[in-house]
Amino acid sequence: MSEPIQHGSIIGGVIGSKAFRYDIFGKDVLAANCMESSGCPGGVLLSQSAAAALRELQTEGSGEYAVQGLKLLHRGKVFAEGIGSIDTYFASAPGCEFT
């Protein structure tokens, strides 16, 4: 199982008239789906926008992320139909190594 993390906007709503189901839609949902398909089992894959949002959470002036020891490694681009290429990053916490 791989875990994609995308940062953006979505639309959610209830679908159906007899059997109700809640679903979410949007280009950011599509991007996360494409990232999941190309991810590595057990890995956490972040989009460029999610990585940028994490960088904004760095502790003021220290250069450290809010999650101590968090590392981001640029993985490359993932192609998402209708969106284009998305830069992606692997996230690693302390004790986990990139392979």
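Structure shown above.
The following paragraphs examine the structure supplied in this document. (Residues numbered from 1 in each chain as written. Predicted model: local features only at pLDDT ≥ 70, side-chain atom pairs only at ≥ 80, totals over all residues. Heavy atoms only, no water.)

### Examining a nonpolar patch on the surface
Thought 1: Side chains of Ile-10, Val-14, Phe-20, Tyr-22 and Ile-24 sit close together on the surface and give an oily, nonpolar patch of about 560 Å² of accessible area.
Thought 2: Looking at the element boundaries, Phe-20 is found in the loop between β2 (11-15) and β3 (21-25).
Thought 3: A relative accessible area of 62% places Phe-20 in the exposed class. (Patch = residues over 30% accessible without salt bridge, like charges linked within 9 Å, V, L, I, M, F, W, Y side chains within 5 Å. Areas by Shrake-Rupley, 256 points an atom, 1.4 Å probe, with all protein chains shown as cover. Salt bridge = Lys/Arg side-chain N within 4 Å of Asp/Glu carboxyl O. Helix = DSSP H or I, 4+ residues; strand = E, 2+ residues; numbered from the N terminus. Buried < 20%, exposed > 50% of the residue type's maximum accessible area, 1.4 Å probe, protein only.)

### Overview of helix α1 (residues 27-37)
Thought 1: Taken together, the buried positions of α1 are Asp-28, Ala-31, Ala-32, Cys-34 and Met-35. Take α1 and look down its axis: the buried residues cluster within an arc of 160°, on one side only.
Thought 2: Contact partners of the buried residues in α1: β1 (3-5), β4 (44-47), β5 (71-80) and β6 (84-92). (Arc of directions from axis to C-beta. Contact = heavy atoms within 4.5 Å.)

### Thoughts on the pairing of β3
Thought 1: When β2 meets β3, the two strands line up antiparallel, connected through five bridges. Bridge pairing in β3 places Ile-11 opposite Phe-25. (Pairing = 2+ DSSP bridges.)

### Remarks on the side chain of Asp-28
Thought 1: As for its position among the elements, Asp-28 is in helix α1.
Thought 2: Lys-27 provides the closest opposite charge to the buried, unpaired Asp-28, separated from it by 4.4 Å.
Thought 3: Here Ser-9 takes part through its backbone nitrogen, which lies 2.8 Å from a polar atom of the side chain of Asp-28.
Thought 4: Beyond its immediate sequence surroundings of up to four residues, Asp-28 is in contact with Gln-6, His-7, Gly-8 and Ser-9. (Lys, Arg positive; Asp, Glu negative; His and termini not counted. Polar contact = N/O pair within 3.5 Å; in protein donor to acceptor, adjacent residues only side chain to side chain.)

### What about the environment of Gly-39?
Thought 1: Along the chain, Gly-39 falls in the loop between α1 and β4.
Thought 2: Judged by its relative accessible area of 21%, Gly-39 is partly exposed.
Thought 3: For the pair Gly-39 and Thr-88, spaced 49 residues apart in the sequence, the C-alpha separation amounts to 9.7 Å.

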